[in-house]
Structures are given as C-alpha cells and as structure tokens.
Amino acid sequence: MRLVQTIRTAAFLAAQALVRGPLGVLVMTIAMMSLVYVQLLFIPSLIQGAIDQVESQLINTTTSSVQISPGPDDKVIADAAGVVASARGVSGVEAATAALRVGSEVASGATSGTWPVLATEPESYGEVFTTPSNVIEGDWLATGDRDGIVLGIGIAGAGDTSRGTYRSSLRSVHVGDAVDVTLLDGTKATFSVRGIYRNNFEPSDSRAFITRDAAAELLPSVGDIATSVSIRTTRGDEQAVVDRLQAEHNDLTYETWLDLRVVIDNQTESFNLIKEILRVVSLLVAAVTVTIVTYVDLVGKRRTIGIERAIGIRSNAIVWSYVLKAMAYALAGTAVGIALYLGVVVPFIDRHPFSFPTGEVTLSVSRGQLRSDAAVLMVVAVASALLPALRSVRVRILDAIWK
C-alpha cells in the first residue's frame, strides 16, 4: 500500500513539474533526446547497410548462396550437368550454374598476371550472378562464342588507375583487344575481349570468363566436368537446400555463403567495431543530457524539495518523480525520433544513397533495433536521473530549506 502511495505521489509531482515547468526546457530536452535517438539509430543503420551491401556483393558476384565443389578425394565434379539439373529440381533453389577453371594466366603483350579463367554457360551464369549486368564496356558473352573473353576491371584495368586495387592489372586493355590465356594444360590460346565488367567488389573483379563451348574446343578432355556448381536460393534457405542436395549427392562438398565469407570478415568486423563505438558515444551523450537537466532542476528546486520533505512527502516519492520525468523525456524523445527517422531520414537516404566502394548504401533498420535502442535509451535516462536525485534527498531538510 505504501509503495502504491509513493508511486502515486511521485507521478503527481512529476506531472506538475512537467506541466508547470519552463516550456523551453521541456521542448529542448525532448528535442535533444530525439536527436540522440536518431543518432543512436543512424550510424549503426548506415554501417549495417554497408555490411548488408558487402554480403550481397559476396553472394551476387562471388560465392552465390550455396557453392558445390568436388569431394575431398576429387579435383572436379564429374557429372556437372546432372548436379545442376538435380539442384534446379530442389525446393528453394532459384537457379544453378556450373563453372570450370580452365586457365590461370592472362597476358597482353609483355604484361601478364595470374587470375582465374572460368568457362561458363553465359545464360545460366547470369541467372545466378549479377556480373553480366555490371558490364561497363562491350557486352557479356553469347552462347556459342568460341574466341571471346570477358575480363573483370581488376584484370583489364581499362585505363582506370584511380583505384590502388587495380594497379596490378593489365592497365589498358579494352574491348576488341586480344589477350593470351595460358590454359591448365600449359598451352596458350588467344581471345578477343568482348566485354569488361565492374562489380565494385575486389574478389570478383579479378576474374576472366569464356564459354564452355570455347573450353570444349580447346580442351577436348573437358567433357561434362566442373570445378564448382553455384546455386542461388532465397536468403535464409541455404542450409535447408544443402540438406536436400546432400541426400542426392553426398560425395560432394557443400558450403553456404556464410561458410565462404572469410574474404569479408575483416571488413565486417571493422564495421561492427565502429558501430559499437559510436553507439556507446551516443549513449554517453544521452546520459550527460539527462544528468545535466536533472541536476540543474534539482539545484533550482532545492528549497522546494526541502519543503516537500518537511511537510511529509517521502524522499522515495521525490526520487521517483525525477525518474518518471526522465522516463517521460525518453518516451517523448523516442516517439519524435522514430517519426523523424522513419518519416524523413530513411526516405531521404533511399533517394540519395551513400556511395561506398562496394556500391550505393542505404540505411538498414529493423523493428528489433528500434525497440532495443528505445529500451537502452530509457535505461540510460532513468539511471542518469536516479543518481543526482538520490544525492539531493540525502541533504538535511533544514540545510535544503535555508541554503
């Protein structure tokens, strides 16, 4: 009963303080809390958007959702067409394609380098990967092309020396130029550059592609083998697809993009570290804001608090009144912040995305993040108000009234 009375008294004191207090202080405090909440959301959402973009680039240009490779005792997948056909018939699979590594060196004149040269089916490759849609010069391969090759910007260079990543390329190869490819059997073949692509993702920008028809003509022993089969699935269905495929072909190695994401781990770990650091900074700003507002209010109302205690209002009720005020600030700030963030910030960034090396990045925010950040802000606000309030009621009543 006493607890209920204390809370009712605290709620009355808090409501009176909010209603009769300076309007400017109330508005500015809520505005500050809303800005802190937006800041708490913005940077982590931007960094999460960058992480999502890197992961999408990895899936769309390098690993696909699920990658099948030869078993531990094999170097190639023997029945590539059969594996692809089986994969396409599995529930959850959107597309599948096979690739065979046929070369490891590309040369233009006296300049050469070591890069993977893959033989693919042009149409099915485009169903799994987005690389064919990222051609910046020329065109993607056509089925049946026996002397054409498509190079990544990391190989061709195409005169672009602005990125340090591409400075080890052939520098100035363009569409129509001839390049020499050293095949795995040691022979060399000359190809005409049909196209140059840029995925804005280093691991996939340093690959070369020819058709399987060209590979079959140059290497008759190729037959129906592949070094990898790549599968596109709905995001989140990867492991279920692997389980179904293993039931049909248990002699192969299956890896999801999560298993193959080692190439981006350092990058995403750095992003996550920055996100957590900035999150802590935002919370410190919120804590300092609430502490200052509460402290200034307590100093200004020191005599009033002393009188309230003298007429019988319990110290707990006074402390709880400041806690409830802080909760009101946090709730109002969160509400305004959500409206500002979802109604203004997110739509603006969607129309004007940030340009990152991996592509255009927008904000990635979830309902869970909105709720968790609101809860964290509430806890910080309550703790920041509680400490100075507890300190204020420890002063003797007469000292509070007369000083």
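Note that this is a predicted model, so its numbers are computed, not measured. (Residues numbered from 1 in each chain as written. Predicted model: local features only at pLDDT ≥ 70, side-chain atom pairs only at ≥ 80, totals over all residues. Heavy atoms only, no water.)

A.B. asks: I would appreciate a short explanation of the overall build of the chain in the present structure.
C.D. replies: Along the chain, the regular secondary structure elements total 12 helices and 12 strands. Counting all 403 residues of the chain, 47% fall into the buried class. About 19,800 Å² of surface is accessible on the chain, with carbon and sulfur atoms providing 57% of the total. (Helix = DSSP H or I, 4+ residues; strand = E, 2+ residues; numbered from the N terminus. Buried < 20%, exposed > 50% of the residue type's maximum accessible area, 1.4 Å probe, protein only. Areas by Shrake-Rupley, 256 points an atom, 1.4 Å probe, with all protein chains shown as cover.)

A.B. asks: What exactly am I supposed to notice about a nonpolar patch on the surface here?
C.D. replies: Taken together, the side chains of Leu-273, Ile-277, Val-281 and Val-285 define a hydrophobic patch exposed on the protein surface, amounting to about 320 Å² of accessible area. On the secondary structure map, Val-281 appears in helix α8 (residues 262-300). (Patch = residues over 30% accessible without salt bridge, like charges linked within 9 Å, V, L, I, M, F, W, Y side chains within 5 Å. Salt bridge = Lys/Arg side-chain N within 4 Å of Asp/Glu carboxyl O.)

A.B. asks: What exactly am I supposed to notice about helix α7 (residues 238-248) here?
C.D. replies: Note: α-helices contain 3.6 residues per turn, so residues at a spacing of three or four share the same orientation. Of all the residues in α7, the buried ones are Glu-238, Val-241, Val-242 and Leu-245. Buried residues of α7 fall within an arc of 100 degrees about the axis and therefore sit on the same side. Those residues of α7 hidden inside the fold are in contact with β1 (66-69), α3 (80-88), β2 (93-108), β9 (228-233) and β10 (253-256). (Arc of directions from axis to C-beta. Contact = heavy atoms within 4.5 Å.)

A.B. asks: Before we go on, may I ask you to explain unusual backbone geometry in this structure?
C.D. replies: The phi angle of most residues is negative, glycine excepted, and most peptide bonds adopt the trans form. In this structure, Arg-171 is a non-glycine residue whose phi angle is positive, near 75 degrees. Looking at where Arg-171 falls in the secondary structure, it is placed in the loop between α5 (153-156) and β6 (178-183). A positive phi angle, near 60 degrees, is found at Asn-200, a position not held by glycine. Here Asn-200 lies in the loop between β7 (188-197) and β8 (208-211). What makes Asn-200 partly exposed here is its relative accessible area of 22%.

A.B. asks: Where do I start with the nonpolar core in this structure?
C.D. replies: Across soluble globular proteins, nonpolar side chains show a tendency to be buried alongside one another. Phe-42, Tyr-341 and Leu-363 are the most contacted members of the largest nonpolar core, which has 38 residues in total. Elements represented by at least two residues in this core include exactly α2 (23-63), α8, α10 (315-351) and α11 (367-392). The contact partners of Tyr-341, leaving out residues within four places of it in the chain, are Val-38, Leu-41, Phe-42, Ser-45, Val-346, Pro-347, Leu-363 and Val-365. Counting residues in hydrophobic clusters, the runner-up holds 27 residues, among them Leu-100, Val-173, Phe-191 and Val-193. (Core = buried A, V, L, I, M, F, W, Y, C linked by side-chain atoms within 4.5 Å.)

A.B. asks: Explain the packing of aromatic side chains to me, please; I cannot follow it from the model alone.
C.D. replies: One pair of aromatic rings is described through two measures. These are the centre distance and the angle between the planes. One pass over the structure, following the stated rule, counts 6 aromatic pairs. When the ring of Trp-140 is compared with that of Phe-209, the centres are 5.4 Å apart and the planes differ by 55 degrees; the resulting orientation is tilted. Of this pair, Trp-140 sits in the loop between β4 (135-138) and β5 (148-152) while Phe-209 sits in strand β8, and the two are 69 residues apart along the sequence. Grouping aromatic residues by their ring pairs yields a cluster made of Tyr-125, Phe-129, Trp-140, Tyr-197 and Phe-209. (Phe/Tyr/Trp six-rings, centres within 6.5 Å; stacked < 30°, edge-to-face > 60°.)

A.B. asks: What am I meant to see in the pairing of β1 here?
C.D. replies: Side chains on a regular strand alternate between the two faces of the sheet. Here β1 shows a buried face lined by Val-66 and Ile-68 and a second buried face lined by Gln-67 and Ser-69. As judged from the 4 bridges shared by β1 and β10, these two strands associate in the antiparallel manner. From the neighbouring strand, Ser-69 faces β10, where its bridge partner is Thr-253. Sheet topology places β1 next to β9; 3 bridges connect them, and they run antiparallel. (Pairing = 2+ DSSP bridges.)

A.B. asks: Explain the pattern of salt bridges here, please?
C.D. replies: Where side chains of opposite charge bring their charged atoms close, a pairing between them can arise. Taken as a whole and judged by the stated rule, the model has 5 salt bridges. Of the charged contacts in the structure, one is a salt bridge between Arg-146 and Glu-217, with a shortest N-O distance of 3.6 Å. Of this pair, Arg-146 sits in the loop between β4 and β5 while Glu-217 sits in helix α6 (residues 212-218), placing them 71 residues apart in sequence. Three or more residues are tied together by salt bridges with common partners; here these are Glu-55, Arg-235 and Arg-261.

A.B. asks: What is the right way to look at the layout of surface pockets in this model?
C.D. replies: Once rolled over the atoms, a probe with the size of a water molecule shows which space is left empty. A volume near 360 Å³ is recorded for the largest pocket. What lines the largest pocket is a set of 16 residues, among which Thr-62, Gln-67, Leu-118, Arg-207 and Ser-228 lie closest to the centre. Residue assignment for the lining of the largest pocket shows that the elements contributing at least two residues are α2, β2, β3 (111-120) and β9. Taken together, the residues of the lining of the largest pocket sort by class into 8 nonpolar, 6 polar and 2 charged. (1 Å grid on protein atoms, 1.4 Å probe; cavity = no way out; pocket = protein on both sides within 12 Å on 5 of 7 lines; lining within 4 Å. Points joined across faces, edges and corners; volume = space filled by probe spheres on them. Nonpolar A, V, L, I, M, F, W, Y, C, P; charged D, E, K, R; others polar.)

A.B. asks: What should I look at first to understand the confidence of the model for the chain in this one?
C.D. replies: In low-pLDDT regions, the fine details of the predicted coordinates are not to be read closely. Here the chain averages 84 in pLDDT, and 85% of its residues register 70 or above. Here helix α12 (residues 397-402) stands out as the least confident element of the chain, with mean pLDDT 49; β8 is the most confident, with 97. (pLDDT = per-residue confidence, 0-100.)

A.B. asks: Is there a simple way to think about the side chain of Asn-199 in this case?
C.D. replies: With respect to the secondary-structure elements, Asn-199 resides in the loop between β7 and β8. On the basis of relative accessible area, Asn-199 is assigned to the buried category, the value being 2%. Side chain to side chain, Asn-199 and Ser-204 meet in a polar contact 3.1 Å long. The contact partners of Asn-199, leaving out residues within four places of it in the chain, are Gln-57, Thr-61, Thr-131, Asn-134, Ser-204 and Asp-205. (Polar contact = N/O pair within 3.5 Å; in protein donor to acceptor, adjacent residues only side chain to side chain.)

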